[in-house]
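Structural overview for review
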Amino acid sequence: METKQILETIQMVEEEHLDIRTITMGISLLDTVAGDPKATAQNIYNKITTYAKNLVSVAEQIEREFGIPITNKRISVTPIALIAGHATPDEMLYYAHAMDDAAKAVGVDFIGGYSALVQKGFANGDLALIQSMPRALTETDLVMSSVNIGSTKAGINLDAIKLMGETVMAIAEKSDTANAKLVIFANAVEDNPFMAGAFHGVSEPDVVINVGVSGPGVVKRAIEKVKGESIQVVAETVKQTAFKITRVGQMVGALAAQRLGVEFGIVDLSLAPTPARGDSVAEVLEEIGLEQVGAHGTTAALMLLNDAVKKGGVMASQRVGGLSGAFIPVSEDAGMIDAAKAGVLSLAKLEAMTSVCSVGLDMIAIPGNTPATTISAMIADEAAIGVQNNKTTAVRILPTLGKDVGDMVDYGGLLGTAPVMPVVEKSSADFINRGGHIPAPIHSFKN
């Protein structure tokens, strides 16, 4: 790197909250299947601890050498439902605990992949895994879970959506925070390094390193320098800044993979906020020209931001993947929290924003007495946006028992705090209870 580039990187780290948000090791578990669930669980533990034993130490060494914070060290594994066979819901817990124990043994922050892919229907392992989720996500500490209920190619599994609404409520009855460990997707990607939705796809290498970069603060500071300029200048500024951020992620990911003796996968360009001031996607949108996120124009500003980030990132790395764009989790973004508390940011506006961002309705607290069918309907709406527009969308909704609209809920750490947001009270039950499968859109037929 040239001297000027080195100084720019140092400034981004020290003054603008640049970090590598995660180094995630993806591990295939397809070769761990044994004759019974206990033996398979032991094989899962053995493979994870063998390949990831040096993940944390290598990441920490890179942090020290280059002065670039790596906030999280994580693991993702093959969707567990794919290796479950004839396991019962109780036996699925062997796999959840094996994942949790292995993650703790190697010292990572989270492990993802307690997952099922049910966009076209259920196998035994899918149903067993979903039925085990309330216990699995409350009995373990580091296990993250996801379910893919729709895709542009397959359509939307309304039976799965109904079941997931019921599952979210069952989890909420056991814990106020465990639903933060569950993401419900449409068009889930196989190389996502971000939690809670990371899993290791079946088309991925046996073991791979994927990197998620972040930098809302860097982008905000860059836009501050072009105040009053045209929107084209803003887009170009974001693009150039994303290039610099991605270059750092590419270097760290490739180096980590080399030292661990595994393949390097992708750099995920997503702008992932934290509750810290100055590290907020909402503040970036406000710097573009909104008085507060949620105002009219928010969706347009977010589209510009998302597109410019991707354009800059793909020029800096040949291995761009994951979700790549801007995340808008309410509880994890200081500006989003402010806007939700002020009533400027509504669920309806958030849904509109998800049509142009990387994910969906994320880390949103709702009243604990919300019907399961209403939660299912939220999932269905997000799936429709993703399936129709051929993009990833997701839902991470947090019903909180005993809390009413306006109450604050503290989830701790990077999960932040969130006001309980109002939900439309008109029923969607008859729609959800129809069940069945929403067909794939006409533009999905490309063969």
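Here, the structure is the one placed above.
Described below are features of the structure shown in this document.

About the criteria used
- Residues numbered from 1 in each chain as written.
- Predicted model: local features only at pLDDT ≥ 70, side-chain atom pairs only at ≥ 80, totals over all residues.
- Heavy atoms only, no water.
- Helix = DSSP H or I, 4+ residues; strand = E, 2+ residues; numbered from the N terminus.
- Expected span 1.5 Å × (residues − 1).
- Buried < 20%, exposed > 50% of the residue type's maximum accessible area, 1.4 Å probe, protein only.
- Pairing = 2+ DSSP bridges.
- Axes fitted to C-alpha atoms, helices over the stretch in contact; angles between N-to-C directions.
- Parallel < 35°, antiparallel > 145°, perpendicular 65-115°, else oblique.
- Left-handed = near helix turned anticlockwise from the far one by under 90°.
- Contact = heavy atoms within 4.5 Å.
- Nonpolar A, V, L, I, M, F, W, Y, C, P; charged D, E, K, R; others polar.
- Patch = residues over 30% accessible without salt bridge, like charges linked within 9 Å, V, L, I, M, F, W, Y side chains within 5 Å.
- Areas by Shrake-Rupley, 256 points an atom, 1.4 Å probe, with all protein chains shown as cover.
- Salt bridge = Lys/Arg side-chain N within 4 Å of Asp/Glu carboxyl O.
- Polar contact = N/O pair within 3.5 Å; in protein donor to acceptor, adjacent residues only side chain to side chain.
- Core = buried A, V, L, I, M, F, W, Y, C linked by side-chain atoms within 4.5 Å.

Here we take up helix 8 (residues 231-260). For helix 8, built from 30 residues, the straight-helix expectation of 44 Å at 1.5 Å per residue is met to within 8% by its first-to-last C-alpha distance of 43 Å. Trailing helix 8 by a residue or two, Gly261 shows a phi angle of about 70°, which is positive.

In terms of burial, strand 7 (residues 182-186) is largely enclosed, as five of its five residues are buried. The alternating pattern of strand 7 places Leu182, Ile184 and Ala186 on one face and Val183 and Phe185 on the opposite face, and all of these are buried. As defined by bridge partners, strand 4 (residues 143-148) adjoins strand 7 across four bridges and the pair is classed as parallel. Residue Ser145 lies in a different strand from strand 7, and its bridge partner there is Leu182.

Let's shift gears to the packing of helix 2 (residues 37-51) against helix 4 (residues 89-106). Helix packing geometry: the angle between the two helix axes and the distance between the axes. At their nearest, the axes of helix 2 and helix 4 sit 9 Å apart, and the two run at 20° to each other. Here helix 2 lies roughly parallel to helix 4, going by the angle between them. Judged by the sense of rotation from one axis to the other, the crossing of helix 2 with helix 4 is right-handed. Contacts between helix 2 and helix 4 pair Pro37, Lys38, Thr40, Ala41, Ile44, Tyr45, Ile48 and Thr49 from the former with Glu91, Tyr94, Tyr95, Ala98, Met99, Asp101, Ala102, Ala105 and Val106 from the latter. Of the residues that constitute the contact of helix 2 with helix 4, the class distribution is twelve nonpolar, two polar and three charged.

On to unusual backbone geometry. Residues Met195 and Ala196 are joined by a peptide bond in cis, for which omega reads 15°. Its place among the elements puts Ala196 in the loop between strand 7 and strand 8 (207-214). Even without being a glycine, Met363 presents a positive backbone phi close to 55°. Tracing the backbone shows Met363 in strand 11 (residues 361-367). Here the phi dihedral of Asn390 falls at roughly 55°; this positive angle occurs in a residue that is not glycine. Tracing the backbone through its elements, the reader meets Asn390 in the loop between helix 13 (372-389) and strand 12 (393-400).

It is at 7 Å that the axes of helix 8 and helix 10 (residues 298-316) come closest, and there the two elements cross at 45°. By the angle class used here, helix 8 and helix 10 are oblique. As helix 8 runs across helix 10, the sense of the crossing is right-handed. Across from Ile231, Val234, Ala235, Val238, Lys239, Ala242, Phe243, Thr246, Arg247 and Gln250 in helix 8, the residues of helix 10 making contact are Leu304, Leu305, Ala308, Val309, Lys311, Gly312, Gly313, Met315 and Ala316. Residues that form the contact of helix 8 with helix 10 fall into these classes: twelve nonpolar, four polar and three charged.

Looking now at a nonpolar patch on the surface. Residues Leu30, Leu82, Leu117 and Val202 make up a contiguous nonpolar surface patch of roughly 330 Å² in combined accessible area. Take Leu117: it is sitting in strand 3 (residues 110-117). On the basis of relative accessible area, Leu117 is assigned to the partly exposed category, the value being 31%.

If you trace the backbone, Thr299 turns up in helix 10. Residue Thr299 is classed as buried on the basis of its relative accessible area of 18%. Thr299 sits 119 residues away from Ala418 along the chain, and the two C-alpha atoms are 21 Å apart. Excluding residues within four positions of it along the chain, Thr299 makes contact with Lys349, Ala352, Met353, Ser355 and Val356. For Thr299, the side chain forms a polar contact with the side chain of Lys349, separated by 3.3 Å.

Glancing now at the nonpolar core. Among the nonpolar cores identified, the biggest contains 124 residues, and Ile23, Ile75, Ile80, Tyr114, Ile149 and Leu305 are the most heavily contacted of them. For this core, the element with the highest residue contribution is helix 8, accounting for ten residues. Not counting residues up to four positions away in its chain, the partners in contact with Ile80 are Leu29, Ile44, Met92, Tyr95, Met99, Gly113, Tyr114, Ser115 and Leu129. The next biggest cluster of nonpolar side chains, apart from the first, holds eight residues, and it includes Ala180, Met363, Ala365 and Val420.

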